[in-house]
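# What the coordinates show
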Amino acid sequence: MPGGVNKWVPVHKVGEHRAMVGSACRMLNQQTIQFGAEDGPPDRLVRADCVDVQRTMAKESLDLIYIDPPFGTGKTQRNQGRSYPDARDNPDAFVEWLAPCLVESHRLLRASGSLFVHLDYRSVHYIKVYLDALFGRSRFVNELIWCYSVGGKSKRRFARKHDTILWYGKSADYAFYPESVHVPRKPSSHMRVVMDENGEPVQEKTDRKTGKVYRYPVNRGKIPEDWWTDIELLNRSDKERVAWPTQKPTRLLERVIKGTTQPGDLVADWFSGSGTTAVVAQRERRRFIATDVEPDAVVCAFDRLVAQGQGMAFKGSPPPDLHCQTPELHNEANADLSGDTRQES
């Protein structure tokens, strides 16, 4: 099949260019968008089963893997013309289906790498048992509870308003950069606030048993707890919205990526959906590989990455080139993109 190369265009032509590159992504087996970076390998966006891609990669080559697989709702997820099937709720079958991806993920992580698995109440406990066996219970780092309030609520139970993200380190030496993800300290704390020698506010408390004084500079913030209430689920009017049914907010992925990687590290997302992981990685100067089996997901992620990459290049700081591989996707392109109504971030 043919391939192609497209160089970035000025950001004021992004709408015109998006129609061209989106169509190209549907029609071509592969193509590369050049943003003007001088060297380095391109980032990759691949339409394929993740395990097929994983098995082509060298072991211990990834610094971070974040996955947000289908939750097993038994419904077809839809949003403004885009959709994907979410298999019926069956935890045992879900574990069996996801296991090959997790095994390959473990193989691909560097010793300092981490795996984040984003799920909900339906199967998270089953997957945790599997991951404890795969990684070892001592490699479990956190059960992160992402709380939100958007959406409907039942009158027959407490509202189900959180997802669970399991974090495992490949080894005891997993990377963590807490200073990159500090959050503000609460002003109304049980600790008293005093001024230090430089006139900066400090929260202070004294241990009653030992008399030891603990001091925490207010302006430095703190490491977030393992329950996150400060990042809301995207609502229909959010500027980030790109019409993907289960799109996650960039702030959520910023915390994961910035907390566990540094610029130049390689990040993977095997169920990329709208491409939020890749978008954040590109913006934060991490390299990435993102895969998805759904054609609409690849096009959605591609559009976002091209638009953002063009903007970065226009400002004089281009990201690595973007290589898009879409085997057989051209045969499934029965939509006229010129009439596509999807939103842009």
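Everything in this summary refers to the structure shown in the same document. (Residues numbered from 1 in each chain as written. Predicted model: local features only at pLDDT ≥ 70, side-chain atom pairs only at ≥ 80, totals over all residues. Heavy atoms only, no water.)

## Regarding the packing of aromatic side chains
Operational definition: Centres within 6.5 Å are what make two rings of Phe, Tyr or Trp a pair, Trp counting through its six-membered ring; a difference in plane orientation under 30 degrees is then read as stacked, over 60 as edge-to-face, and the rest as tilted. Secondary structure follows DSSP: runs of H or I at least 4 residues long count as helices, runs of E at least 2 residues long count as strands, and numbering of each begins at the N terminus. Here the term buried applies to any residue with accessible area under 20% of the maximum for its type, exposed to any over 50%, and partly exposed to those in between, with areas from a 1.4 Å probe on protein chains only.
Overall, the coordinates contain eight aromatic pairs when judged by the stated rule. Centre to centre, the rings of W97 and F271 are 5.7 Å apart; their planes meet at 55°, and the pair counts as tilted. Placement of W97 in helix 3 (residues 91-108) and of F271 in the loop between strand 14 (266-269) and helix 6 (276-283) is noted, with a sequence separation of 174 residues between them. Residue classification places W97 among the partly exposed positions, given a relative accessible area of 46%. F271 sits in the buried class, given a relative accessible area of 15%. Between W167 and Y174 the ring centres are 5.5 Å apart and the planes differ by 75°, which places this aromatic pair in the edge-to-face class. Look at W167 and you get buried, because its relative accessible area is 5%.

## A short note on the sheet that holds strand 10 (residues 192-195)
Quick note on the threshold: Paired strands, in this sense, are two strands between which DSSP finds at least two bridges. To get an axis, a line is fitted to the C-alpha atoms, and for a helix only the part in contact is used. The angle between two axes follows their N-to-C directions and goes from 0 to 180 degrees.
As summarised here, the arrangement of the three strands in space is 10-11-12, forming an open sheet in which the pairing is antiparallel. Lying at the two open borders of the sheet, with one neighbouring strand each, are strand 10 and strand 12 (213-217). Taken pair by pair, the neighbouring strands of this sheet meet at an average axis angle of 35°, ignoring direction. Pairing of strand 10 with strand 11 (residues 201-206) involves four bridges; the strand directions are antiparallel. Looking at strand 11, one finds that V194 is bridged to V202.

## Let's talk about the pattern of salt bridges
So the rule is basically this: For salt bridges, the criterion is a side-chain nitrogen of Lys or Arg within 4 Å of an Asp or Glu carboxyl oxygen.
According to the stated counting rule, one finds 11 salt bridges in the structure shown. A salt bridge links E204 to R192; the nearest nitrogen and oxygen atoms lie 3.1 Å apart. Of this pair, E204 sits in strand 11 while R192 sits in strand 10, placing them 12 residues apart in sequence. Assessed through its relative accessible area of 13%, E204 is described here as buried. Given a relative accessible area of 40%, R192 falls into the partly exposed group. Here E254 ties to R283 by a salt bridge, and the two come within 2.3 Å at their closest N and O atoms. Separated by 29 residues along the polypeptide, E254 in helix 5 (residues 250-260) and R283 in helix 6 bring together distant segments of the chain. Assessed through its relative accessible area of 32%, R283 is described here as partly exposed. If you follow the salt bridges from partner to partner, you end up with R192, E204 and R215 in one network.

This is a description of form; function is not addressed.
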